[in-house]
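Topology and contacts: notes
The lines below spell out each chain.
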Amino acid sequence: MTDTLRWGILGTGGIAHSFTSDLGVIGATVQAVGSRTQESADAFAAEFGIPTAHGSYEALAADPDVDAIYVSTPHPFHAENALLALEGGKHVLVEKPFTLNANEARDVVERADAKGLVVLEAMWSRFLPHFARIRQIIADGTLGEVRALIADHDQKLPTDPKHRLQNPDLGGGALLDLGIYPVSFAWDLFDKPASIHAISTPTPTGVDQQTAIILGYETGQQALLHTALDARGPGTAVIVGTEARIEIAPTWYFPTSFEVIGPDDTVLESFDGSVEGRGMYFQAQELERLVREGHRVSPLLSPRQTIGIMETLDEIRAQIGLTYPSE
Ligand SMILES: NC(=O)c1ccc[n+]([C@@H]2O[C@H](COP(=O)([O-])OP(=O)(O)OC[C@H]3O[C@@H](n4cnc5c(N)ncnc54)[C@H](OP(=O)(O)O)[C@@H]3O)[C@@H](O)[C@H]2O)c1
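This section reports on the structure supplied with the text. None of the values given here were measured: they were computed from a predicted structure.

Before going further, it helps to examine the site of the ligand. The immediate surroundings of the ligand are formed by 24 residues, with Thr12, Ser35, Tyr57, His75 and Lys96 found nearest. In this structure, an oxygen atom belonging to the ligand sits 2.9 Å away from a main-chain N or O atom of Gly14. In the environment of the ligand, a nitrogen atom lies 3.2 Å from a nitrogen or oxygen atom belonging to the side chain of Glu95. Considering the ligand on its own, with 890 Å² of exposed area, one finds that the protein chains cover 80% of that surface.

Structure (structure tokens):
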């Protein structure tokens, strides 16, 4: 291995473009791309100046010049693609949701453990600068007792029944694509919920169109979360504490700003978290740091939390009756 990791991109869809473009912002080494078709691999490699274009995921996983693979396929394929990369001896950054369900997540984490490789969920928001500052403010006690999180991830996205988000075969629905963001944020703040309540409205294709979630915690905190895939929401998040609250500006899961506001509504702190690019390189830098320093567990998003988040999503899906054909 060279000093910096040599990345391989598995899949050439929408988010693979965003991530690879962002790797360019930090000058990371993108060594290879793998696609189901040579044509797509060639086009992607030409677009980003990537040295090697593989016409299969297997060839990418076997490429000896690649150290880490970014998995960017639809969710039902995350587990098999991550396992393929691990078999090839690569560290893996897996798009969110990490897998389709918690059983698959446990399989991937166990295999990474057995291989001594790093596996990290690409919940990119976790690694953004404004969340680092928010964690510090909470640790300092500025909010007093943190009581609640109120957050939405509601977007107006394509309603074509064949679109990935509408298609059960491709793991469609609001929850796994969008709702996972506020669920993951609640895990970041409060860890494992003691109680989960969810209601949902389905799309005509049978995935969840909008889902409302209430999480409760042993020490009394609550999280009120909403997700929708065909209606634009405010994209805000508020952390409510007894001494102050944090209002994160839209879109809270993108690089953005926030204010800390006292009980009399005075602004105690304003933070500008804008970054160059989309901010997807922070998660890549975290994986590179783990490998460089010989660690396997990120304090920002551990495999334990990744599995726990999938367990929470499994329970929400059980309550709203959402299953997928490949399960
Ligand atoms: N972090 C974020 O902000 C963010 C944003 C959007 C999506 N995502 C996540 O990223 C993943 C991919 O989303 P996307 O929007 O990039 O999807 P997309 O545009 O549809 O691309 C998915 C890619 O996966 C590959 N693929 C493998 N099997 C496939 C199949 N049976 N059908 C369709 N594509 C298949 C294809 O690449 P090849 O043809 O090259 O093999 C395709 O281009 C999802 O899990 C999603 O949750 C994350």
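On the surface, Ile150, Ile214 and Leu224 cluster together to form a nonpolar patch covering roughly 240 Å² of accessible area. As for its placement among the helices and strands, Leu224 is situated in strand β10 (residues 222-228).

Let us now look at the packing of aromatic side chains. This model, assessed by the stated rule, comprises 13 aromatic pairs. Ring geometry for Tyr181 and Tyr253: centres 5.0 Å apart, planes at 45 degrees, overall tilted. Here the residue Tyr181 occupies a position in helix α7 (residues 174-190), and Tyr253 occupies one in the loop between β12 (245-248) and β13 (257-261), the gap between them amounting to 72 residues. We classify Tyr181 as buried; its relative accessible area is 9%. Residues Phe258 and Phe271 carry aromatic rings whose centres are separated by 5.2 Å and whose planes lie at 20 degrees to one another, so their mutual orientation is stacked. One end of the pair, Phe258, is in strand β13; the other, Phe271, is in strand β14 (residues 267-272), with 13 residues separating them in the sequence. On the basis of relative accessibility, which here comes to 21%, the residue Phe271 falls in the partly exposed class.

Tallying each qualifying case throughout the model produces 19 salt bridges. Residue Arg133 is joined to Glu269 by a salt bridge in which the shortest nitrogen-to-oxygen separation is 2.8 Å. Of this pair, Arg133 sits in helix α6 (residues 129-139) while Glu269 is found in strand β14, placing the two residues 136 residues apart along the sequence. Where Asp314 meets Arg317, a salt bridge forms, and the shortest distance between an N and an O atom there is 3.8 Å. A residue pair is termed a helical-turn pair when its members lie 3 or 4 positions apart in one helix, as Asp314 and Arg317 do in helix α9 (residues 303-320) at three residues. A relative accessible area of 5% means that Arg317 is categorised as buried. It is possible to trace a salt-bridge network through shared partners that takes in Arg6, Asp65 and Asp67.

On to the sheet that holds β12, then. Spatially, eight strands are ordered β8-β9-β10-β7-β11-β12-β13-β14 in an open sheet, and the strand pairing comes out mixed. Looking at strand neighbours, the two that pair on one side only are β8 (195-202) and β14, the edges of this open sheet. Neighbour-to-neighbour, the strand axes of this sheet turn through a mean angle of 10 degrees, independent of strand direction. Sheet analysis places β12 next to β13, joined by four bridges and oriented antiparallel. Within β13, the residue paired with Glu247 across the bridge is Glu259. Each of β7 (146-154), β9 (208-216), β10, β11 (237-241) and β12 is contacted by α7, which is oriented at about 165 degrees to β10, the strand it contacts most.

Moving on, we come to the environment of Gln221. With respect to the secondary-structure elements, Gln221 resides in the loop between β9 and β10. Using a relative accessible area of 16% as the deciding quantity, one classes Gln221 as buried. Counting along the chain gives 186 residues from Gln221 to Ser35, while the straight-line C-alpha distance between them is 44 Å. Here the side chain of Gln221 touches Thr219 through a polar contact of 2.6 Å, side chain to side chain.

For α6, the set of buried residues is His130, Phe131, Ile134 and Ile137. For α6, the arc enclosing every buried residue in end-on projection is 115 degrees, short of the 170-degree limit, so these residues lie on one face. For α6, the secondary structure elements touched by its buried residues are α7, β11, β12, β13 and β14. A positive phi of about 85 degrees marks Gly141, the residue just after α6.

About the criteria used
Residues numbered from 1 in each chain as written. Predicted model: local features only at pLDDT ≥ 70, side-chain atom pairs only at ≥ 80, totals over all residues. Heavy atoms only, no water. Near = heavy atom within 4 Å. Polar contact = N/O pair within 3.5 Å; in protein donor to acceptor, adjacent residues only side chain to side chain. Areas by Shrake-Rupley, 256 points an atom, 1.4 Å probe, with all protein chains shown as cover. Patch = residues over 30% accessible without salt bridge, like charges linked within 9 Å, V, L, I, M, F, W, Y side chains within 5 Å. Salt bridge = Lys/Arg side-chain N within 4 Å of Asp/Glu carboxyl O. Helix = DSSP H or I, 4+ residues; strand = E, 2+ residues; numbered from the N terminus. Phe/Tyr/Trp six-rings, centres within 6.5 Å; stacked < 30°, edge-to-face > 60°. Buried < 20%, exposed > 50% of the residue type's maximum accessible area, 1.4 Å probe, protein only. Pairing = 2+ DSSP bridges. Axes fitted to C-alpha atoms, helices over the stretch in contact; angles between N-to-C directions. Contact = heavy atoms within 4.5 Å. Arc of directions from axis to C-beta.

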